[in-house]
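Fold and contact review
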Amino acid sequence: MINIAIDGPGGAGKSTIARAVAAELGFIYVDTGALYRAVGLNALRHGIDTRNIDGIVKMLDETDVSLSFIDGEQRVMLNGEDVSTAIRLPEASMAASNVSAIPAVRQFLFDLQRKIAEENNCLMDGRDIGSVVLPNADLKLFMTASPETRAQRRFDELKAKGEDVKYSEILDELNKRDYQDSHREIAPLKQAEDAILFDTSDLSFDEVKNKLIEMVKEKIDG
Ligand code: DC
């Protein structure tokens, strides 16, 4: 199977690009952030503090998270319920970042990610895919963009959905989450040694997409 690992901070364009490239190549696109979001959402729903390690670890015994792919589109299931929309709520972002710093949570989601990659040609995006989950990936990218560009993209995305959001708040939240994701002890967000750095700040969607398709094809064709 061909596995492409894409890591980077929030709003770098990983998911939009990976989804488009996967569709074009007939691969599946796996958004691993959705798994952490599902665990975070479960905690929020049960009123468990997302920084309370013991509480979260106990909760894992009664947490069932899985992914399914319907017409190539990823759906996230939490205890049998499709939570693909609910996990996008703003409060789920910070909850996901908090629970993702807990080693037991990362362990809990590890096998699931590995298995999907073993069974499918995929583009998998996250924070530790090239460094921890798929160290032998065929191609590793570290996709990033300036904080301002990333905040603007997120702002435009939420505005387009009709949400009432402030740019300054999005930028603050993004910076806070990046800091937390990059400074945790376990599997922090960092560029794997053999990952290609891809700064998308000054590139259009099509430019990034075409460049990535070219890189993947080069790998496939050897
Ligand atoms: O990609 P995202 O914004 O949906 O991810 C939500 C949070 O999950 C993010 O703040 C950090 C965490 N995460 C992680 O620790 N490891 C991954 N492979 C993916 C996400």
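Residues numbered from 1 in each chain as written. Predicted model: local features only at pLDDT ≥ 70, side-chain atom pairs only at ≥ 80, totals over all residues. Heavy atoms only, no water.

So, the packing of helix H1 (residues 14–25) against helix H9 (residues 205–221)
At a minimum axis separation of 10 Å, H1 and H9 run at an interaxial angle of 50 degrees. Relative to H9, the element H1 is oriented oblique. Classified by chirality, the crossing of H9 by H1 is right-handed. Contact residues: Thr16, Ile17, Ala20, Val21, Glu24 and Leu25 in H1; Phe205, Val208, Lys209, Leu212, Ile213, Val216 and Lys217 in H9. A class-by-class count of the residues in the contact of H1 with H9 yields nine nonpolar, one polar and three charged. (Axes fitted to C-alpha atoms, helices over the stretch in contact; angles between N-to-C directions. Helix = DSSP H or I, 4+ residues; strand = E, 2+ residues; numbered from the N terminus. Parallel < 35°, antiparallel > 145°, perpendicular 65-115°, else oblique. Left-handed = near helix turned anticlockwise from the far one by under 90°. Contact = heavy atoms within 4.5 Å. Nonpolar A, V, L, I, M, F, W, Y, C, P; charged D, E, K, R; others polar.)

What to know about the site of the ligand
Close to the ligand lie 15 residues; Arg37, Arg106, Arg177, Asp181 and Arg184 are nearest. One of the side-chain N or O atoms of Ser100 is found 3.3 Å from an oxygen atom in the ligand. Compared with its free state, where it exposes 450 Å², the ligand has 97% of that area covered by protein. Counting only elements with at least two residues in the shell around the ligand, the list comes to helix H2 (33–45), helix H4 (90–100) and helix H8 (167–183). (Near = heavy atom within 4 Å. Polar contact = N/O pair within 3.5 Å; in protein donor to acceptor, adjacent residues only side chain to side chain. Areas by Shrake-Rupley, 256 points an atom, 1.4 Å probe, with all protein chains shown as cover.)

Side note on the packing of aromatic side chains
Under the defined criterion, the tally for this structure stands at one aromatic pair. Relative to Tyr167, the ring of Phe155 lies with its centre 6.3 Å away and its plane at 85 degrees, an arrangement referred to as edge-to-face. With a gap of 12 residues between them, Phe155 in helix H7 (residues 147–160) and Tyr167 in helix H8 connect regions that are remote in the sequence. Over the aromatic face of Phe198 sits the side chain of Lys211, whose NZ or CZ is 5.4 Å from the ring centroid. (Phe/Tyr/Trp six-rings, centres within 6.5 Å; stacked < 30°, edge-to-face > 60°. Lys NZ or Arg CZ within 6 Å of the ring centre and 35° of its normal.)

A word on the sheet that holds strand S7 (residues 139–144)
Reading across the sheet, the five strands line up as S2-S6-S1-S7-S8 and stay open at both edges, with parallel pairing between neighbours. Edge positions in the sheet fall to strand S2 (28–31) and strand S8 (196–199), since each has one partner strand and no second. Between one strand axis and the next, the sheet turns by 20 degrees as a mean value, whatever way the strands run. Here H1 sits on the sheet and contacts strand S1 (3–7), S2, strand S6 (122–126) and S7; the angle it forms with S6, its principal contact strand, is near 175 degrees. (Pairing = 2+ DSSP bridges.)

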